[in-house]
Amino acid sequence: MTAPRTLYDKIWDDHVVHEAEDGTCLLYIDRHLVHEVTSPQAFEGLRMAGRKVRAPDKTIAVPDHNVPTTQGRENPDQMPEESRIQVAALDRNARDFGIHYYPVTDIRQGIVHIVGPEQGWTLPGMTVVCGDSHTATHGAFGALAHGIGTSEVEHVLATQTLIQKKSKNMKVEITGSLRPGVTAKDITLSVIGATGAAGGTGYVIEYCGQAIRELSMEGRMTVCNMAIEGGARAGLIAPDEKTFEYVKGRPHAPKGAKWEAALAYWKTLYTDEGAHFDKVVTIRGEDIAPVVTWGTSPEDVLPITGTVPDPESFTGGKVEAARRSLDYMGLKPGMKLTDIAIDTVFIGSCTNGRIEDLRAAAEILKGRKIKVKRAMVVPGSGLVRAQAEEEGLAQIFIDAGFEWRLAGCSMCLAMNPDQLQPGERCAATSNRNFEGRQGRGGRTHLMSPAMAAAAAITGHLTDVRELMGETV
Amino acid sequence: MEKFTTLTGVAAPMPLVNIDTDMIIPKQFLKTIQRSGLGRNLFDEMRYTPDGQEIPDFVLNQPAYRSAQILVAGDNFGCGSSREHAPWALLDFGIRCVISTSFADIFYNNCFKNGILPVVLPQDAVDYLMDDARKGANARITVDLESQTVTASDGRTFAFEVDPFKKHCLLNGLDDIGLTLEKAAAIDAFEAKAATLRPWA
């Protein structure tokens, strides 16, 4: 009888091609997602060495980081020269190497981490990589998914494998149920707040517990998406009936006898009783409040009912970092978070650009008007956009005063025309509040779609529960 | 890839914690389709004003550190995105070694693919080297990968750990893809087996 194994152990074991004496493994990669920013040098490397893509059928490309999110973008003149060259390079590489491709003119185009699951490329038990740190998103399906650099992109293109050392196992359990107004985003930010931005370094996290089981697949993707912001290589959630239901019938999901065989295998993907975790973090679901970030690291998380902290209350290098953050963010210690005025609201990104996120925001916005200078909602894919239009969500956003955009990474990283101006303060549903992330000098507060919608309506950071008629 | 064996040079102190990849190389410079030429924009927003003037206080703009080859940095260096442009920019500037108490996982791996050695040391050792680095151009630090040691300007030595395979590749400047392709038969065998066990994948 084998020793009890974690979910991570099981997926790892099933993908080891070769193990060296020192434990260095060659790990097989089932799905390789590619976008335009981190791949051109990798394809160029293949050309220079006269190599091919080993498994073009397992390689899926989509442009998302550079693309404008405004109408008429199929005209390349809408992009600055450098962006146009990068997207054109992906067009050409996809064609030359024969990989799956969703160009901007395809309704299935969108953010790579939204397109993968939506098209059924991402399946439980797989290994999934992409030259993008938010690849952790796919862990929501019980797939081992993580970001890689461009040299590793080239390595996977050429060999369909990665050279890896196994990470340690970490369990993050969220017990009980979430209170009203609290969402997956609040879970994932609260975990980073508790463990720190480097708390997961060296680990793969498995999220479990009742509150995780109660999340939809969209919510689970939000949780896993930010595993990287806590330093973890990947985040995982064991697949269950919700997972199978989500996957079933998707264009690239197995069908017929293959579906039955897959399902039988997927049902073995859970952590065995008694399996060893190197680190365990437990948070009560009832204790999680709607949260926002106040600083320039995703670990700078506080409940919306809190106040801006005093840098002197920290220790070590964090004192200077917090001072720098407050200076950059234009905040003073002791200010109530709800007194922070917001200029701009951004709803979208691979963290919160799925249909459920748009529903949650629309629920708050329905029949109300924005008080911020500008607000935009950027669906994560063309299909999410179409569904939101069909459900009447688009009209709610438009009536409230939001711009209704086309799919892409947009203002999450501002490599495209969607950027903040210096000093502009944004309530964002994205994943990073780093200095300059959304535009040089831009000030980002991270939060859930419902909280971002609440800020849009009041013009300042707001406890969404007040707009839901909930007592705080 | 260029080999890394030993390096003696000036180390620039950057005590800030959580120095992220957006700080190392802001997104507007990710639009290149080449690996070279990013050194000018390393730490761009910390290093230059919006109109392109050097900010004199920034460490790499100070005369003593303009040709630094080593960075001594605060905890969790390289957190954030997977952009390999971060190590490309460091390398293009001339940085071959970064010393910190911890590194973000993807950045750490990316360094080894580009001939850069990231060295993890305990807090007190990093503090000691940070103070040494603050002495400027007179304090030259030596990093020796073979013996896995960092030697401060006063001769005090700190030993560090590094994965043996990564060390071997870096010492010899080896191309991973070439090494992996030597195992092509094992990959073929794995694919044949997986086609039976997991035909949907």
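What you see is a predicted model; the values in this text were computed from it and never measured. (Residues numbered from 1 in each chain as written. Chains lettered and ligands numbered in written order. Predicted model: local features only at pLDDT ≥ 70, side-chain atom pairs only at ≥ 80, totals over all residues. Heavy atoms only, no water.)

## A short note on the overall build of chain A
Within chain A, the regular secondary structure consists of 17 helices and 19 strands. In terms of overall dimensions, chain A is globule-like: its C-alpha atoms have a radius of gyration of 21 Å, near the 23 Å expected for 472 residues. Looking at the 472 residues of chain A, the share that counts as buried comes to 66%. Pairs at least 24 residues apart make up 75% of the contacts formed inside chain A by residues separated by at least 6 positions. Accessible surface, chain A: about 15700 Å² in total, of which carbon and sulfur atoms supply 50%. (Helix = DSSP H or I, 4+ residues; strand = E, 2+ residues; numbered from the N terminus. Rg over C-alpha atoms; globule rule 2.2 N^0.38 Å. Buried < 20%, exposed > 50% of the residue type's maximum accessible area, 1.4 Å probe, protein only. Contact = heavy atoms within 4.5 Å. Areas by Shrake-Rupley, 256 points an atom, 1.4 Å probe, with all protein chains shown as cover.)

## Details of the packing of helix α13 (residues 355–365) of chain A against helix α15 (residues 393–400) of chain A
Residues and elements named next belong to chain A. Contact geometry for α13 and α15: axes closest at 9 Å, N-to-C directions at 45°. When the axis of α13 is compared with that of α15, the two are oblique. Between α13 and α15 the crossing geometry is left-handed. Within the contact between the two elements, α13 uses Ile-355, Leu-358, Arg-359, Ala-361, Ala-362 and Leu-365 and α15 uses Leu-393, Ile-396, Phe-397 and Ala-400. When grouped by side-chain class, the residues that make up the contact of α13 with α15 number nine nonpolar, no polar and one charged. (Axes fitted to C-alpha atoms, helices over the stretch in contact; angles between N-to-C directions. Parallel < 35°, antiparallel > 145°, perpendicular 65-115°, else oblique. Left-handed = near helix turned anticlockwise from the far one by under 90°. Nonpolar A, V, L, I, M, F, W, Y, C, P; charged D, E, K, R; others polar.)

## Points about the UniProt feature "binding site: [4Fe-4S] cluster" (unreviewed entry) in chain A
Residues and elements named next belong to chain A. The UniProt feature table records "binding site: [4Fe-4S] cluster" (unreviewed entry) at Cys-350, Cys-409 and Cys-412. For the residues just named, distributed over 63 residues, the greatest C-alpha separation is only 8.8 Å, placing them together at one site. Taken from the residues named earlier, the lining of the largest cavity is made up of Cys-350, Cys-409 and Cys-412. Within the secondary structure, Cys-350 sits in helix α12 (residues 349–352). A relative accessible area of 7% means that Cys-350 is categorised as buried. Once residues lying within four places of it in the same chain are set aside, the contact partners of Cys-350 are Ile-111, His-113, Ile-114, His-134, Thr-137, Asn-225 and Asn-431. Looking at where Cys-409 falls in the secondary structure, it is placed in the loop between β17 (403–404) and β18 (425–428). Overall, Cys-409 belongs to the buried group, its relative accessible area being 7%. Among all residues touching Cys-409, those that are not within four sequence positions of it are Asp-64, His-65, Ile-111, Phe-346 and Asn-416. (UniProt positions renumbered as here; feature names shortened; annotations may be inferred. 1 Å grid on protein atoms, 1.4 Å probe; cavity = no way out; pocket = protein on both sides within 12 Å on 5 of 7 lines; lining within 4 Å.)

## Overview of the environment of A:Gly330
Position of A:Gly330 among the secondary structure elements: in the loop between α11 (318–329) and β15 (344–347). Leaving out residues up to four positions away in the same chain, A:Gly330 has contacts with A:Arg425 and A:Arg443.

## Observations regarding the interface of chain B and chain A
Facing the 56 residues of chain B at the interface are 70 residues of chain A. Summed over both partners, the interface of chain B with chain A comes to about 5200 Å²; 58% of that surface belongs to carbon and sulfur atoms. Considering only the surface of chain B that becomes buried against chain A, B:Lys27, B:Lys31 and B:Trp200 emerge as the three largest contributors, covering 16% of it. Linking chain B to chain A there are eight salt bridges. In this structure, A:Arg51 engages B:Asp175 in a salt bridge whose closest nitrogen and oxygen atoms are separated by 3.8 Å. (Buried area = accessible area lost by both parts, 1.4 Å probe. Salt bridge = Lys/Arg side-chain N within 4 Å of Asp/Glu carboxyl O.)

## A short note on empty space enclosed by the protein
Scanning the model with the defined rule gives five cavities of 30 Å³ or more in all. Empty space within the largest cavity amounts to approximately 220 Å³. In terms of lining residues, the largest cavity is bounded by 24 residues, among which A:His65, A:Asp132, A:His134, A:Leu413 and A:Arg437 are the most central. Of all the elements in the fold, those that place two or more residues in the lining of the largest cavity are α4 (112–118) and α12 of chain A. Partitioning the lining of the largest cavity into residue classes produces eight nonpolar, eleven polar and five charged. Approximately 120 Å³ is the volume attributed to the second largest cavity. In this structure, the second largest cavity is lined by 16 residues; those nearest its centre are A:Ile228, A:Glu229, B:Cys79, B:Gly80 and B:Ala104. (Points joined across faces, edges and corners; volume = space filled by probe spheres on them.)

## A look at the layout of surface pockets
Counted as a void, the largest pocket has a volume near 1200 Å³. Breaking the lining of the largest pocket down by element, the ones donating at least two residues are α2 (40–49), α5 (150–159) and β8 (161–164) of chain A together with α4 (105–112), α6 (164–172) and α7 (176–181) of chain B. Broken down by element, the residue count for the lining of the largest pocket peaks at five residues, all from α2(A). Of the residues contributing to the lining of the largest pocket, the split by class is 16 nonpolar, 13 polar and 18 charged.

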